[in-house]
Structures are given as structure tokens and as C-alpha cells.
Amino acid sequence: MSEKRKMIIDCDPGTDDSVCILMALTHPDVELLGITTESGNLTADKTAANALRILEYMDRGDIPVAQGMMHPMLREYPKDPYSHGEDGLGNHFFPEPKLKISEKSPAQMIVDAVLENPGEVTLVCTSCLTNVAVAFMSRPEIIPLIKEIYHIGGAYGITEYAFRNATGDNPMSEWNIFVDPEAARIVYESDVKLTSIGLDIAFNPEAVNISEETLEKLRGIGNRQAKYALEIIDYIDGNNSIEEEGIFINGPIDTTAMCCFLNPEIMTDVREIHVAIDCGGPLTRGMTIWDRRDHFRWEHLPKIRTVFAVDGEKYQETFYQALGGT
Ligand code: BDR
Ligand code: CA
């Protein structure tokens, strides 16, 4: 039996998502069973095509890609205030992909993979969870059979970066939860083993900024995936950095979730907290409300695991190795 860790990436490529795909294709311990795409950074037709473009770039047409819905579960598709470039891939403008999307829906791909490999499949989710929610609604029996989920999602208020850099289109929310809060609620309330990496960590310069030393090491790898990752870092650096008041981010945010999956030692402080997802009005839609009260705490709120701190050096090392560095 294969020793590799089986995974599916649920994503919306997206600059940072595309680097995660490269990592999953490159890391020797990972067996990528499929890529499910949805409407997040761009609509699902575009995110699916971008996933295929990345597979073509890597000559990996053996990996199936499923295309999700053109909108969130219940809502209109919202406008992303954050830029991933005109093509969603940092303006690489790869040609139309020749590879075709799978005949399976994303939910079917997830259900089949989990039922074929009970207890072995991890979902690394770098998007809005529409596909996972649909899978959970249609076949809830898969929930306890999923090994675990790592999700880039939420803003908890553990660090100042949670709200200073809120990526959703209001002051309180992170983009992935903002897009489809009902889907996120279904997944976060499902009792699946879920580790949420919020903006507190994923937008924290001490955690995800790629250092000059790591950049130099990446330049030395000399393979396609490191070259592409460097170009994406360059794009993010030039287009989306927040330099005011000392905040400076060049890292592809979603790689935080991928690297935590690849090397859980990165997570130096993980805690279970009670969290509710606000599906309400425009000011707080998608807010992840953490009940941190010492008294009268709503113990009935779902419990999830949230990362409070990471080892920045281990993250850099994992980032480098996942792109082929030795
Ligand atoms: C998330 O929003 C998207 O722009 C990124 O791809 C990431 O998944 C961060 O809030
Ligand atoms: Ca993403």
C-alpha cells in the first residue's frame, strides 16, 4: 500500500491557490487525488480552467479537475476586492487549456475519493467551501470518514492582522467565508476534524512573508514550479502588499494551509474554540465570531481548531521543500 498522504485540493486559483497546486504535485509524500474548483477569486469556469493550466504547465494531465457551481450556494457571486491579476494567475496569460474538466461534479469527486479511501483523505481547502458543503449535504456519511480538513478561512482577532487586513468585502470578514457563509457554516458545524487558519496567521508578515534568504534559495532550485512561485511572489509583492504602517506581505496566503498540512510542526499553538459564522447583513457577513467569554460562553456553538501561532522558520523551510528544494 502506498505510504503517501492522500489529498484533494478544493480551491479557486487564484495566484496563491495555484502555488498550492504546485506544492501538492511536487511534494514526494503527497498523492493528489483531484482538484475541485469553485467560484471564489473568479467564477468556477475560470478557476477550473486555471487549475487545468497549472496541470498543463507541469505536464500532469493525470490529475482530474472538477468544476463547481458558478455561484455560492444561496447567494449571488460577489466581487472580489483583492486582485489576482486579469487572468487570476498573476497575469501569466497561459493559453486556453487543452486538458478537459472531469465529468464528475466536485461533490461527487470528494464523495468517491473519501468512500474509496475511508479515513485517509485530507481536504486542503483554499477557497469558500461551496463544494465541500454540497458534498456534506448530499452524502453526510462521508463526514466522519474524512481524515481532516485544513482551511484558509476566517478572521478571529488573535492577532492585529485579522481585521487590519480583512480580505472579505466588509471590515469584519475574510474572503473565503464572506463568499459563501452558508457553505462555511455547514462545514464548520459538521463536526469534521477541521483546522482553520485565519488571517491572523495567513496575513501575518512574521508567518507568511517570504524572506530574502528563502527567495534566494528558491532561485537556486531551478525547476518550473519554483520559477512560477517566484513570479507569483513578485506579482503579489507588486500589487497587493500593504506597506502602510509597517505591514508588508509578499507570501501566497493559501500556502499557509498547504504548508500546515505538509508539516504540522509549523503549527506551534492550535486551540479548540467555539465559533459561529455570521450569515447576516452587509457589515458583518462572513464574520467568524469567536466566543471567548469567560462567563456565559455559548458552549453550543461549534468547536473548531484554530491556529494561534506558527513557526515562521519552519514555514519557510516547508515552502522551499514543497517546491522541490532539498
Ligand atoms: C483568501 O482569499 C483569496 O483571495 C485567497 O486565494 C485566499 O484563499 C484569503 O482571504
Ligand atoms: Ca484561494
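An account of the accompanying structure is given in this report. (Residues numbered from 1 in each chain as written. Chains lettered and ligands numbered in written order. Predicted model: local features only at pLDDT ≥ 70, side-chain atom pairs only at ≥ 80, totals over all residues. Heavy atoms only, no water.)

A few points about the site of ligand 1
Taken together, D16, D17, N41, Y82, H84, T126, T167, E174, W175, N176, L199 and D254 make up all the residues around ligand 1. In the model, an oxygen atom of ligand 1 is placed 3.0 Å from a nitrogen or oxygen of the N176 side chain. For ligand 1, whose accessible area on its own is 280 Å², the fraction buried by protein is 99%. At the level of elements, helix 1 (15-26) and helix 6 (175-179) are the ones that each hand at least two residues to the shell around ligand 1. Tallied by class, the residues present in the shell around ligand 1 amount to three nonpolar, five polar and four charged. (Near = heavy atom within 4 Å. Polar contact = N/O pair within 3.5 Å; in protein donor to acceptor, adjacent residues only side chain to side chain. Areas by Shrake-Rupley, 256 points an atom, 1.4 Å probe, with all protein chains shown as cover. Helix = DSSP H or I, 4+ residues; strand = E, 2+ residues; numbered from the N terminus. Nonpolar A, V, L, I, M, F, W, Y, C, P; charged D, E, K, R; others polar.)

As for the coordination of the calcium ion (ligand 2)
Six octahedrally arranged donors around a metal ideally form angles of 90 or 180 degrees; four tetrahedrally arranged donors ideally form angles of 109.5 degrees. Around the calcium ion (ligand 2), the protein contributes the donor atoms D12 (OD), D17 (OD), D17 (OD), T126 (O) and D254 (OD), at 2.3 to 2.6 Å from the metal centre. In terms of primary sequence, the donors binding the calcium ion (ligand 2) are separated according to D-x4-D-x108-T-x127-D. Of this pair, D17 sits in helix 1 while T126 sits in the loop between strand 4 (121-125) and helix 4 (130-138), and the two are 109 residues apart along the sequence. The class of D17 is buried, set by a relative accessible area of 0%. (Donors = N, O, S within 2.8 Å, 3.2 Å for Na, K, Ca; no water. Buried < 20%, exposed > 50% of the residue type's maximum accessible area, 1.4 Å probe, protein only.)

As for the pattern of salt bridges
The tally for this structure, following the rule as stated, stands at 18 salt bridges. Here E212 ties to R219 by a salt bridge, and the two come within 3.5 Å at their closest N and O atoms. Given the relative accessible area of 44%, R219 is considered partly exposed. Of the charged contacts in the structure, one is a salt bridge between K217 and E317, with a shortest N-O distance of 3.1 Å. Here E317 lies in helix 13 (residues 312-322) and K217 lies in helix 10 (residues 212-221), a separation of 100 residues in the sequence. (Salt bridge = Lys/Arg side-chain N within 4 Å of Asp/Glu carboxyl O.)

Here we look at the packing of helix 10 against helix 11 (residues 224-239)
Following both chains from N to C, one finds helix 10 and helix 11 inclined at 145°, their axes separated by 8 Å at the closest point. Here helix 10 and helix 11 pass one another in a crossing that is left-handed. Two secondary-structure elements touch here, helix 10 through L215, L218, R219 and I221 and helix 11 through A226, L230 and I233. For the contact of helix 10 with helix 11, the residue count by class is six nonpolar, no polar and one charged. (Axes fitted to C-alpha atoms, helices over the stretch in contact; angles between N-to-C directions. Left-handed = near helix turned anticlockwise from the far one by under 90°. Contact = heavy atoms within 4.5 Å.)

Let's talk about the state of the cysteines
The final tally for this structure, using the stated rule, is zero disulfides. Between C11, a free cysteine, and C20, which holds the nearest cysteine sulfur, the sulfur-to-sulfur gap is 8.1 Å. With no disulfide partner, C259 has as its closest neighbouring cysteine sulfur the one in C260, 7.4 Å distant. (Disulfide = S-S within 2.5 Å.)

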